[in-house]
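Remarks on the overall topology
This is what each chain is made of:
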Amino acid sequence: MANTGKGLNQEGVAYTQFTGTAREGRGKGIALAMKLRAMEELKRKAAKLFGTTNDPANAAMRGINERLGYVPEPPRILLEKQLG
């Protein structure tokens with residue numbers, strides 16, 4: 001399992017880039033516990049905003065984020081170019 005992201009920046013903003021569990025650990029509240037632990041630490045550090053990204057196809061993580069009070073922003077379009 002992993003919960004990776006950037007640290008708290010000078011403006012008091014932090015983001016998680018990825019929260020996940022191994023397949024056998026899914027549905028057991030592990031991702032929720034990781035997010036809650038991160039939020040506790042960021043509150044302790046006086047964070048002002050904790051953002052995250054979400055794969056639109058990942059309904060389980062979208063549900064966790066909604067329960068935690070995340071508010072969606074307008075979608076951003078990411079582009080990628082495979083080289084050679």
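Please refer to the structure placed before this passage.
Residues numbered from 1 in each chain as written. Predicted model: local features only at pLDDT ≥ 70, side-chain atom pairs only at ≥ 80, totals over all residues. Heavy atoms only, no water.

Structural notes on the pattern of salt bridges
The final tally for this structure, using the stated rule, is three salt bridges. Where arginine 44 meets glutamate 41, a salt bridge forms, and the shortest distance between an N and an O atom there is 2.5 Å. Remark: glutamate 41 and arginine 44 occur in helix 1 (residues 30-44); sequence separation between them is three residues, near one turn of the helix. Its relative accessible area of 60% is what places arginine 44 among the exposed residues. On the basis of relative accessibility, which here comes to 22%, the residue glutamate 41 falls in the partly exposed class. Between glutamate 41 and lysine 45 there is a salt bridge, with the nearest N and O atoms lying 3.8 Å from each other. Residue lysine 45 is classed as partly exposed on the basis of its relative accessible area of 45%. A network of salt bridges, in which partner residues are shared, links Arg37, Glu41, Arg44 and Lys45. (Salt bridge = Lys/Arg side-chain N within 4 Å of Asp/Glu carboxyl O. Helix = DSSP H or I, 4+ residues; strand = E, 2+ residues; numbered from the N terminus. Buried < 20%, exposed > 50% of the residue type's maximum accessible area, 1.4 Å probe, protein only.)

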